[in-house]
Amino acid sequence: MTEMIDALDALLGAEIKDEKDVYIKRLNTNFTIKSISGEEIQHITDEASEFEGKGAKRRRVTDDLKLSALLIVRACVSPTFSDARLLEKYGAVSADEVVLKSLRAGEIAKLSAEIMELSGFDDEDEVIDDVKN
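Source: prediction; values computed, not measured.

The rules behind the values
- Residues numbered from 1 in each chain as written.
- Predicted model: local features only at pLDDT ≥ 70, side-chain atom pairs only at ≥ 80, totals over all residues.
- Heavy atoms only, no water.
- Salt bridge = Lys/Arg side-chain N within 4 Å of Asp/Glu carboxyl O.
- Buried < 20%, exposed > 50% of the residue type's maximum accessible area, 1.4 Å probe, protein only.
- Helix = DSSP H or I, 4+ residues; strand = E, 2+ residues; numbered from the N terminus.
- pLDDT = per-residue confidence, 0-100.
- Pairing = 2+ DSSP bridges.
- Axes fitted to C-alpha atoms, helices over the stretch in contact; angles between N-to-C directions.
- Parallel < 35°, antiparallel > 145°, perpendicular 65-115°, else oblique.
- Left-handed = near helix turned anticlockwise from the far one by under 90°.
- Contact = heavy atoms within 4.5 Å.
- Nonpolar A, V, L, I, M, F, W, Y, C, P; charged D, E, K, R; others polar.

S.K.: Which parts of the structure should I look at to understand the pattern of salt bridges?
M.R.: Here the idea is simple: oppositely charged side chains can pair when their charged atoms come close. Counted under the stated rule, the structure contains eight salt bridges. Residue Arg85 pairs with Asp83 through a salt bridge whose shortest N-O separation is 3.0 Å. Overall, Asp83 belongs to the partly exposed group, its relative accessible area being 24%. Residue Glu97 is joined to Lys101 by a salt bridge in which the shortest nitrogen-to-oxygen separation is 3.1 Å. With Glu97 and Lys101 both in helix α5 (residues 95-102) and four residues apart, this pair spans about one turn of that helix.

Below, the structure written as structure tokens:
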């Protein structure tokens with residue numbers, strides 16, 4: 001049985017820059033992703049959300065597809081979706097638009113799930129619901 005490490009020592013010695021290769025079958029290549037912090041996830045969620053209604057009926061609505069695309073843009077080390085060649089090829093004005101135009105829905109879901117898992121979350125849907133609320 002291994003001896004448990006003190007929590008403070010574990011945090012002080014921890015590296016937060018986790019990376020992982022994710023194979024995309026259709027493209028026959030790996031995308032390199034990294035973990036992201038809870039703060040980054042909150043910023044991404046804010047960027048993918050708008051408020052609808054007024055007064056007591058005002059509520060925040062999050063565009064799940066935009067949320068996933070932004071998550072991929074921020075966590076994908078390679079390729080870089082803001083590369084000028086990709087923007088030009090897909091006629092996009094932003095990196096998240098390149099993600100939506102260049103990847104299939106299942107590929108977006110796979111990359112998003114892998115990013116969330118690498119970032120310490122086990123169930124992407126549960127995490128996205130928690131972030132939204």
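Next comes the rest of the account.
S.K.: Help me out: how do you make sense of the confidence of the model for the chain in this one?
M.R.: Fine structural detail should not be taken from predicted coordinates in areas where pLDDT scores are low. On average, the chain scores 88 in pLDDT, and the residues at 70 or more come to 89%. Highest mean pLDDT in the chain belongs to α5 (98); lowest belongs to helix α7 (residues 124-132) (51).

S.K.: Looking at this model, I keep getting lost on the pairing of strand β3 (residues 49-52). Mind explaining?
M.R.: In this structure, β3 lies alongside strand β4 (residues 59-62), joined through four bridges in antiparallel fashion. Residue Glu52 lies in a different strand from β4, and its bridge partner there is Arg59. Taken together, β3 and the strand that follows it, β4, pair antiparallel across an intervening segment of six residues, in which Gly53 is found at a positive phi of about 85 degrees.

S.K.: Sorry, what's going on with the packing of helix α3 (residues 64-75) against helix α6 (residues 105-118) here?
M.R.: A pair of packed helices is captured by two measures, namely the crossing angle of their axes and the spacing between those axes. Taken N-terminus to C-terminus, the directions of α3 and α6 make an angle of 60 degrees; their axes are 9 Å apart at the nearest point. As summarised for this structure, α3 and α6 are arranged oblique, according to the angle between their axes. For the pair α3 and α6, the sense of crossing is left-handed. Counted together, Leu65, Ser68, Leu71, Ile72 and Ala75 of α3 and Ile108, Leu111, Ser112, Ile115 and Met116 of α6 form the full contact between these two elements. Here the contact of α3 with α6 is composed, by residue class, of eight nonpolar, two polar and no charged.

S.K.: Would you mind going over unusual backbone geometry with me for this structure?
M.R.: A cis amide bond links Ser78 to the next residue, Pro79, at an omega of 5 degrees. Tracing the backbone through its elements, the reader meets Pro79 in the loop between β5 (76-78) and α4 (84-89). Phi angles above zero are rare outside glycine, and Asn28 is one such case at about 50 degrees. Along the polypeptide, Asn28 turns up in the loop between β1 (19-24) and β2 (29-34).

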